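Below, each chain spelled out in residue letters.
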Amino acid sequence: MNHQALGIIEVRGLAAAVAAADTAAKTAAVTILGYEPTKGSGLVVLKISGEVSAVTAAIEAAKEQVANVSTVFASRIIARPHEELARYLS
């Protein structure tokens with residue numbers, strides 16, 4: 001990940017995750033790493049990376065956007081994730 005921050009946001013529904021990704025990408029210079037749906041509960045985790053300030057701004061904007069149409073269950077920003085974590089994100 002080259003010392004970039006990792007941002008994750010967990011929302012209910014794929015449409016909310018797509019809206020979150022769109023908002024995040026439009027808000028700051030971040031890279032959308034992908035999403036992972038959970039089994040059975042309808043939750044989707046969106047993963048983004050970039051500079052700490054960009055990821056922070058993108059996650060905050062995405063949370064506001066999703067709160068208007070769905071539920072945000074969790075979000076987290078990891079400033080400098082360990083290199084070993086990268087293999088779990090692909």
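Quantities reported herein were computed from a predicted structural model and do not represent experimental measurements.

Trainee: Hey, could you go over the sheet that holds strand S1 (residues 5-12) for me, with residue numbers and the actual values?
Mentor: Consider a sheet: its strands pair through backbone hydrogen bonds, and that pairing is either parallel or antiparallel. A sheet is described by the order of its strands in space; here 4 strands give the open sequence S2-S3-S1-S4, paired in antiparallel fashion. Strands at the two margins of the open sheet, each flanked by one partner only, are strand S2 (30-37) and strand S4 (72-78). Put simply, the sheet's adjacent strands are angled 15° from each other on average, direction ignored. Summarising the sheet, S2 and strand S3 (residues 43-50) pair through 7 bridges and their orientation is antiparallel. The partner of Glu36 across the bridge, within S3, is Val45. Of the strands in this sheet, S1, S2 and S3 touch helix H1 (residues 14-27), which is tilted by about 15° from S3.

Analysis parameters
Residues numbered from 1 in each chain as written. Predicted model: local features only at pLDDT ≥ 70, side-chain atom pairs only at ≥ 80, totals over all residues. Heavy atoms only, no water. Pairing = 2+ DSSP bridges. Helix = DSSP H or I, 4+ residues; strand = E, 2+ residues; numbered from the N terminus. Axes fitted to C-alpha atoms, helices over the stretch in contact; angles between N-to-C directions. Contact = heavy atoms within 4.5 Å.

Functional significance is not addressed by these values, which are geometric in nature.
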